[in-house]
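These are the residues of each chain, in order.
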Amino acid sequence: MVDIKNKRLDNIEVLRTLAMFMVVFWHSSSHFYSDHGLIVGKNIADIINYVLVQYSVILSSVAVNVYVLISGYFLLGKDFKSHRFIKVWFQTMFYSLLFCLAFLLFGKDGVSLTDIPKAFLVMRYDHYWFVTCYLGVILVAPFMRMVVERIPRNTYLKLLSVLLLVSTDFLLGYPFGDMLGFNLGYSFVWFVTLFFIVGYIKKYDIHLGKYNYISNYFIIGLIIFLYFLVRASLKVIFFGGQFEIQDLHYNSFPLILAVFLFIWFKNHTFTNNFCVKLFVKIAPYTFGVYLIHENVWVKSVLWHNVLWQNIMDKFNIPLPYMIFYCLFVFFVCILFDKIRCLFFKYIGIDKVLGKISQNVDTFILKVSLNIDKIVEKKSYETINNNSSL
């Protein structure tokens, strides 16, 4: 068993950056599906296009799970501080309000004055489902950490077995379907499951042996792709209808790939080359990439502009151009969030948030101490009453 405390690690930061690029690609592919579909069988280019895009989607489907595993990995080594919650909420609210006002100013269709209060209440209106779930995890992380630190290994394995039984969806929704609120992995309870998974990996320093992780990652992805391909073919043969590979849910096969990838990066040491330095340097801005490109108004521009439409319509095999476009979006968002960080520091927002966080932490501590005193007093009175009897 290893110490739960940790520091920032270059290998994990590289994975954080890679995972966020996968998020961008995942979103681009989802718009590719919805706007153009995937045509199979017209010619060899269509078939190649289908295989490449679908296989790439499977490989990138790990992104959200990986990002949550990374967050849980570091939250396990930290005591609760309100600054983390306030910082995430304020950054999210800032971008939501900024783009709302910008699109209002330029007369963007679908944006009205009634959207301004919604931009403030980003959690209430679920503009960013990931942020809502993540903020919930931040709040309960200290209690989950207590469980991780104190639970025996055999009991921990039983807990993970039960969580995976009720939360995963490998076999067409069986045995529990979505009756327990896991919402195909788009939920707070799924994030809690991932937290306990990474807690076990970190606590017991899990390795998977001396395997070639990267090649196996691509091989497992190919096996998953072939599985869905066969299942879709059988569905057409026996039930008819259009050939379509089912969407991957976060609480299904992507979990296997995500855990596999995370363990490899956790135990891998990179040479200090240019790419590693770049990935580590931009890692702190990757959360901003999500907030910018997945903004409810920005994404309508990103995936429905002339350049994107030309890529989709003019190239028989658009995957390489999709990747280049996603890289462009990714690094523009990195630059934008870097400017946001400098702006916050220049006008003193970081200091203000820090002071607010200190006051909140002080208030929480006082409330906690008062509750302890009340509980201690009640316990003392109960003991005296029992003694008098």
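Structure's up top.
Rules and cut-offs
- Residues numbered from 1 in each chain as written.
- Predicted model: local features only at pLDDT ≥ 70, side-chain atom pairs only at ≥ 80, totals over all residues.
- Heavy atoms only, no water.
- Helix = DSSP H or I, 4+ residues; strand = E, 2+ residues; numbered from the N terminus.
- Axes fitted to C-alpha atoms, helices over the stretch in contact; angles between N-to-C directions.
- Parallel < 35°, antiparallel > 145°, perpendicular 65-115°, else oblique.
- Left-handed = near helix turned anticlockwise from the far one by under 90°.
- Contact = heavy atoms within 4.5 Å.
- Nonpolar A, V, L, I, M, F, W, Y, C, P; charged D, E, K, R; others polar.
- Phe/Tyr/Trp six-rings, centres within 6.5 Å; stacked < 30°, edge-to-face > 60°.
- Buried < 20%, exposed > 50% of the residue type's maximum accessible area, 1.4 Å probe, protein only.
- Patch = residues over 30% accessible without salt bridge, like charges linked within 9 Å, V, L, I, M, F, W, Y side chains within 5 Å.
- Areas by Shrake-Rupley, 256 points an atom, 1.4 Å probe, with all protein chains shown as cover.
- Salt bridge = Lys/Arg side-chain N within 4 Å of Asp/Glu carboxyl O.

**Student:** When you look at the environment of Lys81 in this model, what are you seeing that I'm missing?
**Tutor:** Looking at the secondary structure, you find Lys81 in the loop between α3 (63–75) and α4 (82–105). The sequence separation of Lys81 and Leu139 amounts to 58 residues, and the corresponding C-alpha distance is 9.3 Å.

**Student:** Explain the packing of α3 against helix α6 (residues 129–150) to me, please; I cannot follow it from the model alone.
**Tutor:** Two quantities define a packed helix pair, namely the angle between the axes and the distance from one axis to the other. Two elements in contact, α3 and α6, have axes whose closest approach is 11 Å; the angle formed by their N-to-C orientations is 25°. Compared by their axis directions, α3 and α6 come out roughly parallel. Crossing geometry of α3 relative to α6 is assigned as right-handed. Across the interface between the two elements, Val64, Tyr67, Val68, Ser71 and Leu75 from α3 touch Trp129, Phe130, Tyr134, Val137, Ile138 and Ala141 from α6. Partitioned by chemical class, the residues of the contact of α3 with α6 number ten nonpolar, one polar and no charged.

**Student:** What am I meant to see in the packing of aromatic side chains here?
**Tutor:** Aromatic ring pairs: the centre-centre distance and the angle between the two ring planes describe each pair. Throughout the structure, instances matching the rule amount to 31 aromatic pairs. Aromatic pair Phe94 and Tyr95: ring centres 5.4 Å apart, planes at 65°, arrangement edge-to-face. Here Phe94 matches Tyr95 in class, with each residue buried. Where Tyr200 meets Tyr204, the ring centres are 4.9 Å apart and the plane angle is 50°; that geometry is what we call tilted. Across this residue pair, the class does not change: Tyr200 and Tyr204 are buried. Grouped by ring-pair contacts, the aromatic residues Tyr67, Tyr128, Trp129, Phe130, Tyr134, Phe191, Phe287 and Tyr290 constitute a single cluster.

**Student:** What should I look at first to understand a nonpolar patch on the surface in this one?
**Tutor:** On the surface, Val230, Leu234, Ile237, Phe238 and Phe239 cluster together into a nonpolar patch covering about 620 Å² of accessible area. Position of Val230 relative to the elements: it lies in helix α9 (residues 213–239).

**Student:** Sorry if this is basic, but what is going on with the pattern of salt bridges here?
**Tutor:** When charged atoms on two side chains of opposite charge get close, those side chains can pair. Scanning the entire structure with this criterion turns up six salt bridges. Between Glu13 and Arg16 there is a salt bridge; the shortest N-O distance is 3.2 Å. Residue Glu13 and its partner Arg16 are both found in helix α1 (residues 10–36); the two are separated by three residues, about one turn of the helix. According to the relative accessible area criterion, Glu13 is buried, its value standing at 6%. Accessibility expressed as a relative area gives 9% for Arg16, which makes it buried. As a salt-bridge pair, Lys299 and Glu294 come within 3.3 Å of each other at their nearest N and O atoms. For Lys299, a relative accessible area of 24% translates into the label partly exposed. Linked through salt bridges whose partners overlap, the residues forming this network are Asp79, Arg145 and Glu149.

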